[in-house]
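Architecture at a glance
Each chain, written out:
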Amino acid sequence: GENVEQHPSTLSVQEGDSAVIKCTYSDSASNYFPWYKQELGKGPQLIIDIRSNVGEKKDQRIAVTLNKTAKHFSLHITETQPEDSAVYFCAASSNQGNLIFGKGTKLSVKP
Amino acid sequence: SQTIHQWPATLVQPVGSPLSLECTVEGTSNPNLYWYRQAAGRGLQLLFYSVGIGQISSEVPQNLSASRPQDRQFILSSKKLLLSDSGFYLCAWSAGQPGDTEAFFGQGTRLTVV
């Protein structure tokens, strides 16, 4: 079945630095790639998503890039702030009609 | 606007006891509904999803079952809990094609089986 690998599992950066999280997927038919942010004790919330017909999407300090040939996509957060600290999940659509999630990245932004 | 309600927020149950977690969605009709379990270091594992009343797809064979008695109600159940059922359970909904659009998650239920 579809598999999504996410790296790194933990990431620590200084406030103001950039953070990059990378994911790879196995199903070449995947066409929807969302990123979720989960704060402690809460459910995940969508922060940005991209479809297979575009290579990059940006929303203020957050951007996502997609390389369909290599089957990988990345989340970029610039000018990180302490409130960016959370667990981030990537996901890819599967041919079975659901989302397959990566195992998550715990991001810590140190002031 | 659409909202999703999931309860209870926390639950401590003894081994062998039954389980019933409930999820309801407001502000939309015919949503796709999902139950996920989140274990530490294992990300989000899809347990069940439903595209309509009475239609349940199981992703992982286990001690749990799901039911959708009404359009916007999704229930996760177990007849006898195991220690391994402990975890953080999340209900979610989406519109359109399952897995093709944003999923909206509830606040989760922290289940501890003792």
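Here's a quick rundown of the structure. Quantities reported herein were computed from a predicted structural model and do not represent experimental measurements.

1. As for the overall build of chain B
Counting its regular elements, chain B contains zero helices and eleven strands. Shown N-terminal to C-terminal, the secondary structure of chain B runs as helices and strands in the order β-β-β-β-β-β-β-β-β-β-β. The C-alpha radius of gyration of chain B comes to 13 Å, within 12% of the 13 Å expected for a compact globule of 114 residues. In terms of overall dimensions, chain B has a C-alpha envelope of 40 × 30 × 25 Å along the principal axes. The contacts in chain B between residues at least 6 apart in sequence include a share of 56% that link residues at least 24 apart. Taken as a whole, chain B presents about 5,300 Å² of accessible surface, with 53% of it coming from carbon and sulfur.

2. Some thoughts on the interface of chain A and chain B
Listed as interface residues are 19 residues of chain A and, on the opposing side, 20 residues of chain B. Roughly 1,600 Å² is buried in total at the junction of chain A and chain B, and carbon and sulfur atoms are behind 51% of that figure. Taken together, the connections running from chain A to chain B amount to one salt bridge. For Arg 51 of chain A, the salt bridge identified is with Asp 100 of chain B, shortest N-O distance 3.2 Å. Counting across the interface, chain A meets chain B through four residue pairs in polar contact (both at pLDDT 80 or more). Where the side of chain A that touches chain B is concerned, the elements lending two or more residues are strand S4 (32-38), strand S5 (45-51), strand S9 (86-93) and strand S10 (99-101) of chain A. Per-element tally for the side of chain A that touches chain B: the top contributor is S4 of chain A, with three residues. Its residues assigned to classes, the side of chain A that touches chain B shows seven nonpolar, nine polar and three charged.

3. Considerations on the sheet that holds strand S7 (residues 65-70) of chain B
All names here are of chain B. On the basis of which strands lie adjacent, the open sheet formed by four strands has the order S1-S3-S8-S7 and antiparallel pairing. Each having just a single partner strand, strand S1 (3-7) and S7 make up the two edges of the open sheet. When strand polarity is set aside, the average angle formed by the axes of neighbouring strands in this sheet is 20 degrees. Bridging between strand S3 (residues 19-26) and strand S8 (residues 73-78) involves six bridges; their strand directions are antiparallel. Within the sheet, the bridge partner assigned to Ser 20 lies in S8 and is Ser 77.

4. Quick look at the state of the cysteines
Residues and elements named next belong to chain A. Applying the stated rule across the entire model yields two disulfides over all chains. Shown here is the disulfide that connects Cys 23 with Cys 90, its sulfur atoms set 1.9 Å apart. Its S-S torsion of approximately -100 degrees makes the covalent link between Cys 23 and Cys 90 left-handed. Here the residue Cys 23 occupies a position in strand S3 (residues 19-25), and Cys 90 occupies one in strand S9, the gap between them amounting to 67 residues. Note on Cys 90: relative accessible area 0%, which makes it buried.

5. Focus on the packing of aromatic side chains
Applying the stated criterion across every chain yields a total of 13 aromatic pairs over all chains. Seen from their ring centres, Phe 101 of chain A and Phe 105 of chain B are 6.1 Å apart, and the 75 degrees between their planes marks the pair as edge-to-face. Of the two residues, Phe 101 of chain A sits in strand S10 while Phe 105 of chain B sits in strand S10 (residues 104-105), which places them in two different chains. You can call Phe 101 of chain A buried: its relative accessible area is 7%. Three or more aromatic residues link up through ring pairs in this structure, and these residues are Tyr 36 and Phe 101 of chain A together with Tyr 34, Tyr 36, Tyr 49 and Phe 105 of chain B.

6. Things to note about the nonpolar core
Membership of the largest hydrophobic core comes to 23 residues, with the highest contact counts inside it found for Trp 35, Phe 73, Leu 75 and Leu 107 of chain A. For Leu 75 of chain A, the contacting residues outside a window of four places in its chain are Ala 19, Val 20, Ile 21, Trp 35, Ile 47, Ile 48, Ile 62, Ala 63 and Tyr 88 of chain A.

7. Quick look at the sheet that holds S3 of chain A
Hydrogen bonds between backbone groups are what pair the strands of a sheet, and the pairing can be parallel or antiparallel. All names here are of chain A. Taking strand neighbours across the sheet as the criterion, the five strands line up as S1-S3-S8-S7-S6 in an open arrangement whose pairing is antiparallel. At either margin of the open sheet sits one strand with a lone partner, and together these are strand S1 (4-7) and strand S6 (56-59). Sheet twist, expressed as the mean angle between neighbouring strand axes with direction ignored, is 15 degrees. In the sheet, S1 pairs with S3 via four bridges, with the strands oriented antiparallel. Note on S3: the bridge partner recorded for Glu 5 is Thr 24.

Conventions used here
- Residues numbered from 1 in each chain as written.
- Chains lettered and ligands numbered in written order.
- Predicted model: local features only at pLDDT ≥ 70, side-chain atom pairs only at ≥ 80, totals over all residues.
- Heavy atoms only, no water.
- Helix = DSSP H or I, 4+ residues; strand = E, 2+ residues; numbered from the N terminus.
- Rg over C-alpha atoms; globule rule 2.2 N^0.38 Å.
- Contact = heavy atoms within 4.5 Å.
- Areas by Shrake-Rupley, 256 points an atom, 1.4 Å probe, with all protein chains shown as cover.
- Buried area = accessible area lost by both parts, 1.4 Å probe.
- Salt bridge = Lys/Arg side-chain N within 4 Å of Asp/Glu carboxyl O.
- Polar contact = N/O pair within 3.5 Å; in protein donor to acceptor, adjacent residues only side chain to side chain.
- Nonpolar A, V, L, I, M, F, W, Y, C, P; charged D, E, K, R; others polar.
- Pairing = 2+ DSSP bridges.
- Axes fitted to C-alpha atoms, helices over the stretch in contact; angles between N-to-C directions.
- Disulfide = S-S within 2.5 Å.
- Buried < 20%, exposed > 50% of the residue type's maximum accessible area, 1.4 Å probe, protein only.
- Phe/Tyr/Trp six-rings, centres within 6.5 Å; stacked < 30°, edge-to-face > 60°.
- Core = buried A, V, L, I, M, F, W, Y, C linked by side-chain atoms within 4.5 Å.

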